[in-house]
Amino acid sequence: MLAVEGLETFYGDSQVLFGMDLRVEAGEVVTLLGRNGMGKTTTVRSLMGLVTPRAGTIRFCGREIMGLAPFAVARAGLGLVPEGRQVFPNLTVRENLVATARPRAAADVGAPWTLARVLDLFPPLRERLRAYGDQLSGGEQQMLAIGRALMTNPRLLILDEATEGLAPLIRAEIWRTLAALKAAGLAILIIDKNVAALARLADRHTIIEKGRAVWTGTSADLSADPALSHRYLGV
Ligand SMILES: Nc1ncnc2c1ncn2[C@@H]1O[C@H](COP(=O)(O)OP(=O)(O)OP(=O)(O)O)[C@@H](O)[C@H]1O
Ligand SMILES: [Mg+2]
């Protein structure tokens, strides 16, 4: 579904990605693991067209999407829950959800995401529809950020540190939600610090070190080799 090869991404003269590779198959949950500053968010920003790589290819559903503007990438079916949530502070919950919504493409399978379905997934948001983005708790903001991404009816949902800074109960709720989305067949790419929760949820993991993928394998492979986590993740 997603095949990324040889990405080289720069901020000005400073190179961050040095030939990054990544694959996600249909229905698969894949993680991108790595220490701080290794290029996880830059990889995601490269996928979404928020920064344009100088080299490489990004094929999604059989089509080259590198170089497309962010709105066109979203229309192609990549939905991002960005690092830091980035809900629109001056829009209400309802407005946040509908502002970037995209109807489901005719070829897509499964039930489409609508406002009603997102509110069924996150009932606390129903009570807060008229509240502004900056009036929400961290947990409510995170539900809103996930709901907003789902409202684009993505074929691939990407989450960058979605449980960061949340209370344990809310965190557990987010993990349950992601497991339900996986069970419904959605492909997901996740970046998160909670390796134990990721190992339970994900099919496959890719480790990034200094802007390139250095390892990929299953949860069983990852658990079987503690030296790997120690060396590349510092855990
Ligand atoms: N807008 C920017 N301009 C210049 N350098 C940047 C910018 N954003 C990130 N960097 C640098 O690029 C490198 C990779 O950053 P990136 O945010 O991709 O890492 P990360 O793996 O997501 O880290 P973290 O786990 O802390 O979120 C870091 O050295 C960072 O300082
Ligand atoms: Mg990051």
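Below is a summary of the structure that appears in this document. (Residues numbered from 1 in each chain as written. Chains lettered and ligands numbered in written order. Predicted model: local features only at pLDDT ≥ 70, side-chain atom pairs only at ≥ 80, totals over all residues. Heavy atoms only, no water.)

### So, the coordination of the magnesium ion (ligand 2)
Protein-derived ligands of the magnesium ion (ligand 2) are Thr-41 (OG1) and Glu-83 (OE), with the metal-ligand distances lying across 2.0 to 2.6 Å. Here Thr-41 is found in helix α1 (residues 40-47), whereas its partner Glu-83 is found in the loop between β8 (78-81) and α3 (93-99), with 42 residues between them in sequence. (Donors = N, O, S within 2.8 Å, 3.2 Å for Na, K, Ca; no water. Helix = DSSP H or I, 4+ residues; strand = E, 2+ residues; numbered from the N terminus.)

### Concerning the layout of surface pockets
By rolling a water-sized probe across the atoms, one finds the places where empty space is left. Here the largest pocket defines a volume of roughly 570 Å³. In this structure, the largest pocket is lined by 22 residues; those nearest its centre are Met-48, Leu-50, Leu-80, Pro-82 and Arg-148. Elements supplying a minimum of two residues to the lining of the largest pocket: α1, α2 (70-76), β8 and α6 (138-150). Tallied by class, the residues present in the lining of the largest pocket amount to twelve nonpolar, five polar and five charged. (1 Å grid on protein atoms, 1.4 Å probe; cavity = no way out; pocket = protein on both sides within 12 Å on 5 of 7 lines; lining within 4 Å. Points joined across faces, edges and corners; volume = space filled by probe spheres on them. Nonpolar A, V, L, I, M, F, W, Y, C, P; charged D, E, K, R; others polar.)

### A look at unusual backbone geometry
When glycine is set aside, most residues are seen to have a negative phi, and most peptide bonds are trans. Positive phi, normally seen in glycine, also occurs at Gln-86, with a value near 50°. Classification of Gln-86 by relative accessible area gives exposed; the value is 51%. One non-glycine residue, Lys-210, lies in the positive phi region at around 45°. Tracing the backbone shows Lys-210 in the loop between β11 (204-209) and β12 (212-218). (Buried < 20%, exposed > 50% of the residue type's maximum accessible area, 1.4 Å probe, protein only.)

### As for the site of ligand 1
In the vicinity of ligand 1 there are 13 residues, among which Gly-37, Lys-40, Thr-41, Thr-42 and Glu-83 approach most closely. Take Asn-36: an N or O atom from its side chain is 3.1 Å from an oxygen atom of ligand 1. A distance of 2.6 Å separates an oxygen atom of ligand 1 from a polar atom in the side chain of Thr-42. Alone, ligand 1 offers 640 Å² of accessible surface; in the complex the protein occludes 58% of this. The element best represented in the shell around ligand 1 is α1, accounting for three residues. For the shell around ligand 1, a count of residues per class yields three nonpolar, five polar and five charged. (Near = heavy atom within 4 Å. Polar contact = N/O pair within 3.5 Å; in protein donor to acceptor, adjacent residues only side chain to side chain. Areas by Shrake-Rupley, 256 points an atom, 1.4 Å probe, with all protein chains shown as cover.)

### Quick look at the pairing of strand β5 (residues 29-33)
Taking burial as the measure, the five residues of β5 include five buried ones, the bulk of the element. Where burial is concerned, the two faces of β5 agree: the one with Val-29, Thr-31 and Leu-33 and the one with Val-30 and Leu-32 are both buried. One ladder, built from three bridges, connects β5 with strand β10 (residues 187-191); its direction is parallel. Bridged to Val-29 within β10 is Ile-188. (Pairing = 2+ DSSP bridges.)

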